[in-house]
Amino acid sequence: MKNEQRKELLYQALETEIGGVQIYKTAITCAVNEDLKKEWEEYLEQTEKHVQILEGVFDELGLDKMKDTPGRQVVRHIGESLVQAMGMAKSSADAKNAELVAAECVMLAESKDHANWELIEELSKKETGDTAKVLKKAHEEVMEEEKEHLFHTTGWGRELWIDSMGMPALLPPPEEEKDVKTQIGAARAKQARAKMV
């Protein structure tokens, strides 16, 4: 395996989580729906914990948490751009549209975050010894929450869009009501929405 690229995944994963903290802090200021605001406050706390978990991985693997790679710079730029986009929406759109932009920004960030943790799981299967154990433990601590972040926010984004177009929406979305944590569960929740509207 390519050792530098394995490390790069971890650098990008840490930067994604650090950026996620700022994204959630900004998204919370855009939230109009109290259920969504409460959920994002919970996700902010979890994301702050994910930063600590990854920092622990870095400590255990002897990696420099401060090392700034080109890939990490790109991830940071994307996160800062999402924060900036929410700021633009807050200053130029009505509150409901700013909330919708925030949901989309969170969904984009969580897509990268979810992918990182899936790759960390794959890496943990190929590594050996202490490295494999450290990665597997971190993945087990984080992945269920990451699934919830992605699938629930995707549902919120869809329903906020539907609501913005003046059609009947389910707020909170079915993904939230059914506590979806798998791709199959998300598909089932989306199908069930037709009966729920």
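One can find the structure itself at the top, above this paragraph.
Residues numbered from 1 in each chain as written. Predicted model: local features only at pLDDT ≥ 70, side-chain atom pairs only at ≥ 80, totals over all residues. Heavy atoms only, no water.

Engineer: Explanation requested: the overall build of the chain in the structure shown.
Structural biologist: Helices and strands together make up the secondary structure of the chain, namely 7 helices and 0 strands. Helices (α) and strands (β) of the chain occur, in sequence order from the N terminus, as α-α-α-α-α-α-α. Taken along the three principal axes of its C-alpha coordinates, the chain extends 55 × 35 × 25 Å. Counting only residues that meet the buried cut, the chain has 48% of its 197 residues in that class. Put simply, the chain shows about 10,300 Å² of open surface, and 53% of that area lies on carbon and sulfur atoms. Looking at charge distribution, the chain has the averaged site of its 27 positive side-chain charges lying 4 Å from that of its 39 negative ones. (Helix = DSSP H or I, 4+ residues; strand = E, 2+ residues; numbered from the N terminus. Buried < 20%, exposed > 50% of the residue type's maximum accessible area, 1.4 Å probe, protein only. Areas by Shrake-Rupley, 256 points an atom, 1.4 Å probe, with all protein chains shown as cover. Lys, Arg positive; Asp, Glu negative; His and termini not counted. Charge placed at Lys NZ, Arg CZ, Asp CG, Glu CD.)

Engineer: Sorry, what's going on with helix H3 (residues 70–92) here?
Structural biologist: Helical geometry: 3.6 residues make up each α-helical turn, so side chains three or four residues apart lie on a common side. Helix length check: H3 (23 residues) gives 32 Å between terminal C-alpha atoms against 33 Å at 1.5 Å per residue, within 8%. Taken together, the buried positions of H3 are occupied by Gly71, Arg72, Val75, Gly79, Leu82, Met86 and Ala89. Where H3 is buried, its residues touch helix H1 (3–30) and helix H4 (95–126). (Expected span 1.5 Å × (residues − 1). Contact = heavy atoms within 4.5 Å.)

Engineer: Before we go on, may I ask you to explain the packing of H1 against H3 in this structure?
Structural biologist: Direction vectors running N to C along H1 and H3 enclose 10°, while the axes themselves pass 8 Å from each other. Here H1 is positioned roughly parallel relative to H3, judged by the angle of their axes. Taken together, the residues of the contact of H1 with H3 sort by class into 10 nonpolar, 7 polar and 5 charged. (Axes fitted to C-alpha atoms, helices over the stretch in contact; angles between N-to-C directions. Parallel < 35°, antiparallel > 145°, perpendicular 65-115°, else oblique. Nonpolar A, V, L, I, M, F, W, Y, C, P; charged D, E, K, R; others polar.)

Engineer: Looking at this structure, I do not really get the layout of surface pockets. What am I missing?
Structural biologist: Unoccupied space between atoms shows up once a probe the size of one water molecule is rolled over them. When its volume is computed, the largest pocket comes out at roughly 220 Å³. Of the residues forming the lining of the largest pocket, the biggest block, 7 residues, is contributed by H3. Taken together, the residues of the lining of the largest pocket break down into 7 nonpolar, 5 polar and 4 charged. (1 Å grid on protein atoms, 1.4 Å probe; cavity = no way out; pocket = protein on both sides within 12 Å on 5 of 7 lines; lining within 4 Å. Points joined across faces, edges and corners; volume = space filled by probe spheres on them.)

Engineer: Hey, could you run me through the side chain of Glu17 in this one?
Structural biologist: Relative to the helices and strands, Glu17 resides in helix H1. Among buried charged residues, Glu17 stands out as having no salt bridge; its nearest opposite-charge side chain is Lys49, 10 Å away. Polar contacts involving the side chain of Glu17 include one to the side chain of Trp117, which spans 2.9 Å. (Salt bridge = Lys/Arg side-chain N within 4 Å of Asp/Glu carboxyl O. Polar contact = N/O pair within 3.5 Å; in protein donor to acceptor, adjacent residues only side chain to side chain.)

Engineer: Help me out: how do you make sense of a negative patch on the surface in this one?
Structural biologist: Together, Glu34, Asp35, Glu41, Glu42, Glu45, Glu48 and Glu177 line one region of the surface with negative charge. Counting residues per element, the negative patch draws most heavily on helix H2 (residues 34–61), which supplies 6 residues. As for its placement among the helices and strands, Glu177 is situated in helix H6 (residues 174–177). Since its relative accessible area comes to 53%, Glu177 is described here as exposed. (Patch = residues over 30% accessible without salt bridge, like charges linked within 9 Å, V, L, I, M, F, W, Y side chains within 5 Å.)

Engineer: Can you help me understand the state of the cysteines in this one?
Structural biologist: Here is the idea: a disulfide is a covalent bond, and it sits between the sulfur atoms of two cysteines. Considering all chains together, one arrives at 0 disulfides under this definition. Free cysteine: Cys30, not disulfide-bonded; nearest cysteine sulfur from Cys105 at 8.1 Å. A residue is classified by how much of its surface remains accessible, and Cys30, at 3% relative accessible area, is buried. (Disulfide = S-S within 2.5 Å.)

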